[in-house]
Each structure stands twice: as structure tokens, then as C-alpha cells.
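Observations on the three-dimensional arrangement
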Amino acid sequence: MTRFALSIAYGLSVLSSIAYGAFSTASRNNVALYWGQGPNQAALSTYCADPNIDVIILSFVSMFPAQANGFPGVNFGNQCGSLVYPGPGYNGVNNATNNRLYQCPNIAHDLATCRQTSPGKKFLLSLGGETMQYQLTGATDGTNFANLLWGMYGPRTTTWVNAGKPRPFDYNGVGFTIDGFDLDVEHPPTDSWAGYNALATTLRSSYGAGAGTTYFLTASPQCIVPDANLRGVLQQGTFDMLFIQYYNTPQCSAATWVAQNPNYKPGGTFNTAGFTFDSWTTWLASTPSKNARLYIGLPGSNAAAASSSVVTPAQAQNLIDAYYCRSNFGGVSVWEATYAAANVVNGLNFYQNMKRDLNTSSTDTRLSCGVAAPVSSTTTSSTRTSTTTTATASPTLPVSTDNRCGTGINTRCPSSVPCCSQYGYCGSGTTYCGTGCQKGFGTCT
């Protein structure tokens, strides 16, 4: 399967609003969004500011040390300049023409801002992609690469900095720590997965030394079970989430399921039509990743994948309903940010519609796990010239501690950010308190 990716000229935009996206491993309502490969893409800050997004997958580390003069090689499209960190060489050969660790100050700035404005969002760094320019060769190669990634993108340490080694995402001397790494391997390994297995094992070991912080190891397999390019490492490694690509492979695509289930009703029976969510669950049951959360991966528009793979938000709603109550369902992943942002239906772009679909499923009592939204209490006051109705949250619900709220979360907003938006985030102003505000979980006007 091939993803469509472009590298465009340098650009920048500025963070303009504050949002409170917050990822929860226990939630079925997570939206994960790939960012970094869209044509003329908006800055990362644009997506940080959108409360519909819970996980941003930075794409890609597209070259490994053997191919990029001893450092990772990155490609984030138009968000990096031409300056590179000089690599140390690989296996005794220093070839500066292979330096590909680009300096990306815009990304570093936006990540620093994101941590302040959207502390609940998670950021994963994806390794691989469609290019054929990456490869690991043996366990030592994988171990060394993992240690290099952890030093560059894990917790900032004095030892690493004093040694003059790069920290690409740090900003003004303040460390930025990635929340985990994603494997998007799209061509076969040449070493029977020895390198990838060592990479996964070593990262897991580093995570354990992370001072009580939770880090994630994820993968982005194609929908065929098992993915031929990831099979070995998925059998051996412990992965927390799989963002399964249900597109560009007709025999197991979301679009095929939709076409075979035109009359599906929530809670009813359906034709699996080759859709492999349950097959992945069965295959993973005998691996260390048996508890991984599975995401339905969808293309953001006709430009993101083969047009025959694309589903509408309404069609996606049916598919989400069909699998929402699976115990390992984690949400929806979307390829790719720029394409999804341009695909607007009923006033919402594609990933925003996916958040709406997930929230709709969570309160659909026709589904076995659906929970009806709590009944709100209302107070009405009037004067001779106007009438205002204000709905307030049920006092029996616990107060949110992470600014998540609403159906599927079942917490109410604190007084400091009293309104629960239609997308499940606490805030104030018309965006949160107006149209779509969830009356049972906060104040609405």
C-alpha cells in the first residue's frame, strides 16, 4: 500500500487559539491524526489548537542512521528549513552529503506551545513511511537506533546535552519529550526483523526508566492480517496501539465494508465483508500486544488515498457503530491532516466529523455499550425585553481534572472552564457554550 506524500517549500503559521484535547487510553473516542506530509500544510500549531484531535502522529523519520550519516533523517514537508545537524558518520564512514536530520525550529516552537495550551494531547514520532530509503540491519543496529531516538527525543538529560548531541524538538533550552514512537514500516526488512525487534525492546526498556511517565509504542499496519512488513516485530514486541490502515487494500478496506452493508442499523448484524478488526484481535491474542487498542484508520479525503477507499462521515458512522463496543476499540486514525482539513461536510472537516461520529456512538443506546447522555437541569430567567435559558451540569457527576467532559467521558466541567463543547472539551465562550454544548456536563447558553 502506498501513501501519498509531498515535500513543499518552507512555511509558518501562528497559534491563534487555546484548546484542551486530552488523550485517554481507556476512551473509545480518540482521534489520532497524522501530520507532516500534506501539500502546503498548515503549521503544527493549527492542529494543536483543535480540541477534536487527541493524538498527533509526526510523520516521518524517513531515513535511519545507516542511510543518513549516523543520525535519523526526517521529512516534515514544508515545516523545516535547509539546515541540518551534521551527522557523526556510520560504521566509520562520514559522508556529509547523507545528512538528513533537518533543523525544524517552527516545529520545536509549536510543540513547546502545544504542551502549554493542550497538555493532554499526545505526540508520537512515526518511523518509516512509503519511501524505500530506510532499513535496519541486525539487532545491534536496532538497539543503537533506539538509544539514539531516546537521547534525541526522550527526556532531556545533562549528559546528552553536554556531549553536544542534538535535541531537535527542544525550544530555547527547554526540553520537549515525545510521548512515544510509531512504526510505519512499508517495505520488508532484510534481517528477519532482528533490527526492529531490538528497536522495540530497547525503547520499551527506556520507557521503564521514564520517571513515572507513560510512553507509547504504536504501529501503523495495513489491514491484511498480519501485515507482511510488520509481522515479525508485532509478534515479538509489546505495542499499545495499532492504527490499522483500512484503505488502499480493497479486500479489507472500510469502503468495502460500507458497500456490503448499505442497510446497517446500529446494534444490528452485519456482513464483515473482509473487514479485519476482529481478525487482528484474534491474531494479536497470542502476542505480547494482546491488550493493544485498535484504531480504524481512514483516509481524510480523495486526495489522501485511492478514491475507491474513501468513505463519507455518514458511512464512517455506520462502521464505527458496528465496532465501537469491542473492548479493544480505541477510536479512529486519519491520514492525513491537510487532506482531512480540506474535506468539509456539514461545516466540519473530516477528522472533526470523526470525533462527532465517535461521540454519537458513545450515547447510542442501541449499541451494547452506549450510555444515554444525562438529563440536564435548566433554569430560565426573563426580563421584559429578553429571555435567557441556561443549562447546568448534573451535580452528581465528578468534576473533570483534564478538561475532558461529556458523553463517553462522564465528567462535568469545573467552574473555571464551565462549558462542555459538542466535542467533549471544557472551555468558555461561544465555541464551548453555544451550538452543540452538552447540557448535562456543564453550563450552556
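Whatever comes next refers back to the structure up there.
So, here is what we can say about the structure in this document.

Conventions we followed
- Residues numbered from 1 in each chain as written.
- Predicted model: local features only at pLDDT ≥ 70, side-chain atom pairs only at ≥ 80, totals over all residues.
- Heavy atoms only, no water.
- Helix = DSSP H or I, 4+ residues; strand = E, 2+ residues; numbered from the N terminus.
- Buried < 20%, exposed > 50% of the residue type's maximum accessible area, 1.4 Å probe, protein only.
- Contact = heavy atoms within 4.5 Å.
- Expected span 1.5 Å × (residues − 1).
- Phe/Tyr/Trp six-rings, centres within 6.5 Å; stacked < 30°, edge-to-face > 60°.
- Lys NZ or Arg CZ within 6 Å of the ring centre and 35° of its normal.
- Core = buried A, V, L, I, M, F, W, Y, C linked by side-chain atoms within 4.5 Å.
- Axes fitted to C-alpha atoms, helices over the stretch in contact; angles between N-to-C directions.
- Parallel < 35°, antiparallel > 145°, perpendicular 65-115°, else oblique.
- Left-handed = near helix turned anticlockwise from the far one by under 90°.
- Nonpolar A, V, L, I, M, F, W, Y, C, P; charged D, E, K, R; others polar.
- Disulfide = S-S within 2.5 Å.
- Pairing = 2+ DSSP bridges.

Tallying secondary structure elements over the chain gives 12 helices and 15 strands in all. The buried share of the chain, reckoned over its 445 residues, is 56%. When contacts within the chain are restricted to residue pairs at least 6 apart in sequence, those whose partners lie at least 24 apart make up 69%.

Note on helix geometry: an α-helix contains 3.6 residues per turn, so any two residues three or four positions apart are oriented the same way. For helix 2 (residues 105–117), spanning 13 residues, the distance from its first C-alpha to its last is 18 Å, which sits close to the expected 18 Å at 1.5 Å a residue. Those residues of helix 2 hidden inside the fold are in contact with strand 1 (30–35), helix 1 (44–48), strand 2 (55–63) and strand 4 (122–129).

For the rest of this paragraph, the subject is the packing of aromatic side chains. By the definition in use, this model includes 27 aromatic pairs. For the pair tyrosine 246 and phenylalanine 275, a centre-to-centre distance of 4.0 Å together with 25 degrees between the ring planes defines the contact as stacked. Residue tyrosine 246 is found in the loop between strand 7 (241–245) and helix 7 (254–260), and its partner phenylalanine 275 is found in the loop between helix 7 and helix 8 (277–284); the two are separated by 29 residues along the sequence. Among the residues examined, tyrosine 246 registers a relative accessible area of 0% and is labelled buried. Here phenylalanine 275 falls in the buried class, since its relative accessible area comes to 4%. The side chain of arginine 28 reaches across the aromatic face of tyrosine 324, ending 5.8 Å from its centre. Stacked on the ring of tryptophan 160, the Lys or Arg lysine 165 has its end atom at 4.6 Å from the ring centre.

Among the nonpolar cores identified, the biggest contains 89 residues, and Leu58, Tyr153, Phe169, Phe181 and Leu199 are the most heavily contacted of them. Here the element with the most residues in this core is helix 3 (residues 139–153); it accounts for seven residues. Residue contacts for leucine 199: discarding those within four places in its chain leaves Leu127, Leu136, Gly142, Thr143, Phe145, Ala146, Leu149 and Leu183. Counting 16 residues, the second-largest nonpolar core is a separate cluster that includes Ala32, Val55, Tyr295 and Ala305.

Turning next to the packing of helix 9 (residues 313–323) against helix 11 (residues 350–362). Where helix 9 contacts helix 11, the two axes come as close as 9 Å, and the packing angle between them is 40 degrees. Classified by the interaxial angle, the pair formed by helix 9 and helix 11 is oblique. Regarding helix 9 and helix 11, the two cross each other, and that crossing is right-handed. Every residue of helix 11 that contacts helix 9 at Pro313, Ala316, Gln317, Ile320 and Asp321 is listed here: Phe350, Asn353, Met354, Arg356, Asp357, Leu358, Thr360 and Ser361. Counted by class, the contact of helix 9 with helix 11 contains six nonpolar, four polar and three charged residues.

The full count for this structure, using the stated rule, is six disulfides. Two residues, cysteine 223 and cysteine 252, share a disulfide whose sulfurs are 2.0 Å apart. Disulfide cysteine 223-cysteine 252: the torsion about the S-S bond is 70 degrees, which places it as right-handed. Placement of cysteine 223 in the loop between strand 6 (216–219) and helix 6 (231–236) and of cysteine 252 in the loop between strand 7 and helix 7 is noted, with a sequence separation of 29 residues between them. Between the sulfur of cysteine 437 and that of cysteine 444 lies a disulfide, 1.9 Å long from S to S. Residues cysteine 437 and cysteine 444 share a disulfide whose torsion about the S-S bond is about -75 degrees; that sign makes it left-handed.

Right, let's get into the pairing of strand 1. Buried residues dominate strand 1, accounting for six of its six residues. Of the two faces of strand 1, the one carrying Asn30, Ala32 and Tyr34 and the one carrying Val31, Leu33 and Trp35 are both buried. In the sheet, strand 1 pairs with strand 9 (residues 329–335) via four bridges, with the strands oriented parallel. In the strand pairing of strand 9, asparagine 30 is matched with glycine 331. Sheet topology places strand 1 next to strand 2; four bridges connect them, and they run parallel. Paired with tyrosine 34 across the two strands is isoleucine 57, which belongs to strand 2.

So, on to the environment of tryptophan 160. Relative to the helices and strands, tryptophan 160 resides in helix 4 (residues 158–162). With relative accessibility at 13%, the residue tryptophan 160 sits in the buried group. Residues contacting tryptophan 160, with those up to four places away along its chain left out, are Asn147, Leu148, Gly151, Met152, Lys165, Pro166 and Arg167.

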